[in-house]
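Spelled out, the chains give:
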Amino acid sequence: MIVAHRKHIQEMKSQLAEHERILVLGCGTCVTVCLAGGEREVGMIGSALRIAFRKDGEEHEVCELTIERQCENRFIEDALKHIQETDAVLSLACGAGVQTVAERFPTKPVYAGVDTKFIGVLQEQGVWAEKCIACGKCIVDSYGAVCPLTRCSKGQLSGPCGGARNGKCEVSPDIDCGWQLIYDRLKALGELDRLAQPAPLTDWSKSHAGGCRTLVRTDQRIATDRK
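Sequence order as written defines residue numbering, which begins from 1 separately in each chain. Residues qualify for local features only when their pLDDT is at least 70, as the model is predicted, and side-chain atom pairs are given and counted only at 80 or more; totals for whole chains, interfaces and linings, by contrast, use all residues. Excluded from the side-chain calculation are hydrogens and water; included are all heavy atoms of the structure.

Asks: Explain the overall build of the protein to me, please; I cannot follow it from the model alone.
Replies: Elements are defined by DSSP. Helices are runs of H or I of four residues or more, strands are runs of E of two residues or more, and each kind is numbered from the N terminus. Of the regular secondary structure elements, the protein holds eight helices and seven strands. Over its C-alpha atoms the protein spans a radius of gyration of 22 Å, topping by over 25% the 17 Å that the globule rule assigns to 227 residues. Seen through its C-alpha atoms, the protein measures out along the principal axes to roughly 65 × 55 × 25 Å. Exposure is judged per residue with a 1.4 Å probe applied to protein chains only, and the accessible area is read against the type maximum: over 50% gives exposed, under 20% gives buried, and values in between give partly exposed. Across the 227 residues that make up the protein, the buried fraction comes to 34%. Contact definition: two residues touch when any of their heavy atoms are within 4.5 Å. Considering only intrachain contacts with a sequence separation of at least 6, the fraction spanning at least 24 residues in the protein is 58%. What sets the accessible areas is the Shrake-Rupley method with a 1.4 Å probe; for residues, cover comes only from the shown protein chains. When the accessible surface of the protein is totalled, it reaches about 14000 Å², and 51% of it is carbon and sulfur. Radius of gyration here uses only the C-alpha atoms, and the compact-globule reference equals 2.2 Å multiplied by the residue count raised to the power 0.38.

Okay, structure coming up:
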């Protein structure tokens, strides 16, 4: 999932200060799972904003709504009336959701209420860990399903740097050495011979280095008359 973290309430308040009627818009998918921008967080942030504004003697109307996904236009339809009736939107979605709402309403101010962190997993209760950098060309099958670009602090593909100690990265004792994880995984699979194979050059043309990416599934597109 995409993992995000809520901005500080004072930062949100400062962004929204010039707007009288505000919609706090939550997203029911990734940011709900990581407890950053779902229905519960919409209620908490809405209440916190009202208190913060009142404390400073400012009059603002704060409305609340959560939709299924903000990164898909058909779900934004569920918020159409609410967005049209407000002066600004505080989106609690990831960066993709914030931009999708803003593109749909080009004259409506849309602010980000969360910081989008990474693609990750729930490692344990209250702890999310990054597992993927969305490089555009997945290579984990060659490394025992452990991504060296993400799990190795230096993104090395051809082996460890030699700076690890006791399975921990030299960057920080709190970080597992990605190559130790790769080695242990391949050893358990009986596939250590994979480490003798030279690593191919990374195809960065498939990553964000080439600009914004688009994925097109022609088999899923609806035929239209484009003149």
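That shown, we press on.
Asks: I would appreciate a short explanation of the sheet that holds strand β1 (residues 2–6) in the present structure.
Replies: Pairing between the strands of a sheet comes from backbone hydrogen bonds, and it takes one of two forms, parallel or antiparallel. Strand order in this open sheet of three strands is β1-β6-β7, and the pairing throughout is antiparallel. The open sheet has two free edges, formed respectively by β1 and β7 (127–132), since each of these has just one partner strand. Along the sheet, successive strands turn relative to each other by an average axial angle of 70°, direction set aside. Summarising the sheet, β1 and strand β6 (residues 114–124) pair through five bridges and their orientation is antiparallel. For two strands to be treated as a pair, DSSP must find no fewer than two bridges joining them. Lines fitted to the C-alpha atoms define the axes, with helices restricted to the stretch that makes contact. Angles between their N-to-C directions range from 0 to 180 degrees.

Asks: Help me out: how do you make sense of the pattern of salt bridges in this one?
Replies: Pairing between side chains of opposite charge can happen when their charged atoms approach one another. Salt bridge, as applied in this entry: a Lys or Arg side-chain nitrogen positioned within 4 Å of an Asp or Glu carboxyl oxygen. Using the criterion set out here, one finds 15 salt bridges in the structure. Residues glutamate 64 and arginine 50 are paired through a salt bridge, measuring 3.0 Å at the closest nitrogen-oxygen approach. Remark: arginine 50 occurs in helix α3 (residues 39–55) and glutamate 64 occurs in strand β3 (residues 61–67); sequence separation between them is 14 residues. By relative accessible area, glutamate 64 is classed as partly exposed at 34%. With its nearest N and O atoms 2.6 Å apart, the salt bridge here joins aspartate 176 to lysine 168. On the basis of relative accessible area, aspartate 176 is assigned to the partly exposed category, the value being 34%. By relative accessible area, which is 30% here, lysine 168 ends up partly exposed. Put simply, Lys7, Glu11 and Asp115 are held in one network by salt bridges that share partners.

Asks: I would appreciate a short explanation of the pairing of β6 in the present structure.
Replies: A regular strand places its side chains on the two faces of the sheet in alternate fashion. Note: β6 against β7, five bridges, orientation antiparallel. Opposite isoleucine 119, over in β7, you have cysteine 132 as the bridge partner. Linking β6 to β7, which pair antiparallel, is a turn of two residues; within it glycine 126 sits at a positive phi near 85°.

Asks: Just to check I follow, could you spell out the nonpolar core for this structure?
Replies: Within soluble globular proteins, side chains that are nonpolar generally end up buried alongside one another. In terms of nonpolar packing, the biggest core is built from 21 residues, with Leu16, Val24, Ile45, Leu49, Leu90 and Leu92 touching the most fellow members. Secondary-structure elements contributing two or more residues to this core are β1, α1 (9–16), β2 (21–27), α3 and β4 (88–91). Of all the elements, α3 adds the most residues to this core, at four residues. Among all residues touching valine 24, those that are not within four sequence positions of it are Val42, Ile45, Gly46, Leu49, Val62, Cys63, Glu64, Leu65, Leu90 and Leu92. Joining through side-chain atoms within 4.5 Å is the link that ties buried Ala, Val, Leu, Ile, Met, Phe, Trp, Tyr and Cys residues into a set, and such a set is a nonpolar core. In terms of nonpolar packing, the next biggest core, distinct from the first, is built from 13 residues, Leu23, Cys63, Ile83 and Val89 among them.

Asks: When you look at empty space enclosed by the protein in this model, what are you seeing that I'm missing?
Replies: Over the atoms, a rolled probe matching the size of one water molecule traces out where space is still vacant. Every definition here rests on a 1 Å grid over the protein atoms only: cavities are sets of points where a 1.4 Å probe fits but cannot get out, pockets are open sets enclosed by protein on both sides within 12 Å along at least five of seven lines, and lining residues have some atom within 4 Å of a point. Grid points are joined across faces, edges and corners, and a volume is the space filled by probe spheres set on the points. Evaluated as defined, the whole model comprises one cavity of 30 Å³ or more. Estimated volume of the largest cavity: approximately 110 Å³. Lining of the largest cavity is provided by 14 residues; of these, Cys152, Ser153, Cys161, Cys169 and Cys177 occupy positions nearest its centre. In this count, Pro and Cys sit with the nonpolar residues alongside Ala, Val, Leu, Ile, Met, Phe, Trp and Tyr, while Asp, Glu, Lys and Arg are called charged and the others, Gly among them, polar. For the lining of the largest cavity, the class distribution of residues is seven nonpolar, three polar and four charged.

Asks: Would you explain the environment of alanine 129 in this entry?
Replies: Take alanine 129: it is sitting in strand β7. Separated by 11 residues in the primary sequence, alanine 129 and phenylalanine 118 place their C-alpha atoms 8.4 Å from one another. Among residues more than four places away in sequence, those in contact with alanine 129 are Phe118, Ile119, Gly120, Val121 and Gln123.

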